[in-house]
Amino acid sequence: MSNYIVLTKQVPDITQITDNAFDPETGTLIRSRLASVINELDTQALAFANYMKKISADANGKIVALTMGPPMAEEVLRYSLGRCADMAVMLTDKALGGADTWATANPLAYAIRRIVKDFFAANEDYYVVCGMQSVDGDTAQVPPQIAEELSSPCIAYATGAEFENNRFEFTRIISGGSEVVAARKLPAVITVAKYEYPLFATFAGTRRANRMKIVCWNGDDIKATHIGAKGSKTTVIRVFPPGKSTRKCKHVSDAKTLAKLLVESFKSDGAESGDGNGKASCYVLPKRRRDKFDKSFERTKKENEDFEILSRTLKDLGVSEVGQIDDDVKDKILSAAGERFHKKVLDDMIEGLKLTEPSFTGEVWVVAEHSSGTIHPAIFELIGKARELADSLETKVGVCIAGDKVEPTAKELIAAGADNIYIIEDKLLKVFDPNAHRKVIADCISKHWPQIVLFGATAQGRMLAPMISYKLGCGLTADCTSFDIRDISRTGHVAILLQTRPALGGNVMATICTKDSKSQMATARPGVMKRLSPDKSRTGKTIRHQVKLSDGDTGLEIIKTELGSGAVNFNVEVIVSGGKGMQSRDNYDRLISSLCDCLSEKLGTPVERGASRAAVEQDFAERIHQVGQTGTAVGPKLYVALGISGAIQHMIGVANTETIIAVNSDPNAPIFKQCDYYVVGKIEDVVPQLIEALEAE
């Protein structure tokens, strides 16, 4: 008999975010000004668990809805009870507030253990089912971290389940295709990427839900080891609205005008997009600065200005050493500063002047992702950024790669900018298994302790990085779009990694730093960092790392793997993608192919076909053509999106595109706010008109 624990979360309604939702002075989001709703992917997880119970034909299995949040989060539990949950548990305590993913996963895992003990009679035959991610965080870190705490397999990006041979077999998304897998042991954690069959509450179900008692626990009831802000491994330094989009977002009324703009966009030089790898302010270690009072690399503009006042005043007073600063000098500094800062701040700043050594030591690492001997393109982007960071920190770039017979990739990685390649080889690493790869890579990191570890925010990286970071007790920031080395001298931090990422569906940006960790870890969005030009003359070292593996170290049994057929080249300058709005496979094949052929002839360049995840799941296109967060990130000169709504997961994958053109019949399609030119109309009408206009252009 299997039981099911479904994680649900109350999140702000990101569709209602306006400028009024931000504090004008601090730039922080005021959540009380936004309506709260249940996380959409969690509703799908609830339906997925209900389906699992149904196909197993086990009427005795229980579905327990679990949430962690303020008392008002009771609403999502009533929602769950009204649809299929047999009982609900709320974990609520002020002490739990301000938690990062580490301090969210930890108490949830401890609550799960108590649910199993109190309500499942300690039966380990259960599944934790949750949405792939939540819209407020978009990190996808909590489920894998819960799996790590529970020592359970994690099956991520599940889209379907079947009950065969007295066990569950899950279909999940992988790069370029899909897999059918089963957990080698229970319990197991399942993250749901998409489930198309929602549950609806009946009148009787709603009445029942309103009558049922919700089990409420606080921090003391679960005895978790890391809770709230104090138990977190990362801290948010700043939350601010994103910069205004550089996209033109211009409505085009007819195909003839669109054809002209399309050709002009392709022929124009265009400004290079992306932000992650700029070198506008290259960090210099304190001991390398000409002026010992130079604190020009602080995290905020105000802190830089405060230290500038301090430095200038010390020079005016003839002070050349920190040890010369006595109470009399302090009074003169405060007088010169006016109301700029008070005595406590000054004392902290003076202590900051004494700091010359970095808070972290070691190399800057990238964890390599590969398939069939081919390195994922995002890894080369990360090596380029790692090279920049390492040069500022006066250290080396390391790449850790695990697999079977992966040593031949070392030359390519060194040419891309790496110094040391840490190689872990084993036959059990031939196919990616989260548990096995987590074990060997974590072991290698713990032997060398690099100060920074970067992962690609791919489907694989977003599952592996949380497990490794949790196992090693390190903070992790997801989906970063920029990295900077800065000081926070007043709090005693020198040369730390500032990690900036979008949140709330890209409606806000957050800058985060690591605390209480031996390494600073982050995943970075593909397509936002810049790959360095390969230098085949570079030399480096290969270092073998041995870890003993057995079948017991693997978490998944791979039953079937289906990869998309044919060859795809996304390293082209023009890509035409179709979405769910194509309506049928015939429309996709006919309209996409005809537009690709026309553009290729008109522009004199190869044109590749792409597809959204929805189009792939509707069987309009093979998985190998999927563009987006769970597909392939692309950065062509011109991207034409036909019938694609513009979900955040898709737009992440095309963010580095120079010009985006969209056609959609929905005048309110989100993609229209994230593209350069768009036409409102039916695909089957607009595409033939566009082809005709291009031929006449």
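See the structure shown above.
Small disclaimer: the values here were computed from a predicted structure and weren't measured.

S.K.: Whenever I open this one, the pattern of salt bridges confuses me. Can you help?
M.R.: Oppositely charged side chains may form a pair once their charged atoms are brought near each other. Within the structure shown, the criterion is met by 39 salt bridges. Between Asp 419 and Arg 538 there is a salt bridge; the shortest N-O distance is 2.9 Å. In this pair, Asp 419 sits in the loop between α12 (410–415) and β18 (420–425) while Arg 538 sits in the loop between β24 (520–524) and β25 (541–544), placing the two residues 119 residues apart along the sequence. The exposure class of Asp 419 is buried, given its relative accessible area of 13%. If you follow the salt bridges from partner to partner, you end up with Lys 302, Glu 305, Asp 306 and Arg 340 in one network.

S.K.: What should I look at first to understand the nonpolar core in this one?
M.R.: As a rule of thumb, soluble globular proteins bury nonpolar side chains together. In terms of nonpolar packing, the biggest core is built from 67 residues, with Ile 112 and Ile 146 touching the most fellow members. Counting contributing residues, this core receives three or more from each of domain 1 (3–152 + 187–232) and domain 3 (276–282 + 359–554). Sequence-distant contacts of Ile 146, defined by excluding residues within four places in its chain, comprise Leu 7, Ala 105, Leu 108, Ala 109, Ile 112 and Val 189.

S.K.: Would you take a moment to explain the environment of Thr 514 for this structure?
M.R.: Tracing the backbone shows Thr 514 in strand β23 (residues 508–514). Between the C-alpha atoms of Thr 514 and Leu 498, which are 16 residues apart in sequence, the distance is 8.2 Å. Not counting residues within four places of it along the chain, the set of residues in contact with Thr 514 comprises Lys 233, Thr 234, Gly 475, Gln 499, Ser 519, Gln 520 and Met 521. Of the polar contacts made by the side chain of Thr 514, one reaches the side chain of Gln 499; its length is 3.3 Å.

S.K.: When you look at unusual backbone geometry in this model, what are you seeing that I'm missing?
M.R.: Keep in mind that most residues, glycine aside, have a negative phi and that most peptide bonds are trans. Cis geometry is found at the peptide bond from Leu 186 to Pro 187, where omega equals 5 degrees. Tracing the backbone through its elements, the reader meets Pro 187 in the loop between β9 (177–183) and β10 (188–192). One non-glycine residue with positive phi stands out, namely Ser 151, at about 55 degrees. Although it is not a glycine, Lys 405 adopts a positive phi angle of roughly 60 degrees. Among the structural elements, Lys 405 can be located in the loop between β17 (397–403) and α12.

S.K.: Is there a simple way to think about the sheet that holds strand β21 (residues 482–488) in this case?
M.R.: For sheets, the rule is that strands pair by backbone hydrogen bonds, running either parallel or antiparallel. Pairing in this open sheet of four strands is antiparallel, and the strands run β12-β23-β22-β21 from one edge to the other. Every other strand in the sheet has two partners, leaving β12 (234–240) and β21 as the edge strands with one partner each. Each adjacent strand pair in this sheet contributes to an overall mean axis angle of 30 degrees, direction not counted. Bridge count between β12 and β23: six bridges; the pairing is antiparallel. Considered in β23, the bridge of Thr 235 is made with Cys 513. The sheet contacts of helix α11 (residues 377–393) involve β21 and β22 (493–503), and relative to β21 the element is tilted by about 20 degrees.

About the criteria used
- Residues numbered from 1 in each chain as written.
- Predicted model: local features only at pLDDT ≥ 70, side-chain atom pairs only at ≥ 80, totals over all residues.
- Heavy atoms only, no water.
- Salt bridge = Lys/Arg side-chain N within 4 Å of Asp/Glu carboxyl O.
- Helix = DSSP H or I, 4+ residues; strand = E, 2+ residues; numbered from the N terminus.
- Buried < 20%, exposed > 50% of the residue type's maximum accessible area, 1.4 Å probe, protein only.
- Core = buried A, V, L, I, M, F, W, Y, C linked by side-chain atoms within 4.5 Å.
- Domains from an automatic or database assignment.
- Contact = heavy atoms within 4.5 Å.
- Polar contact = N/O pair within 3.5 Å; in protein donor to acceptor, adjacent residues only side chain to side chain.
- Pairing = 2+ DSSP bridges.
- Axes fitted to C-alpha atoms, helices over the stretch in contact; angles between N-to-C directions.

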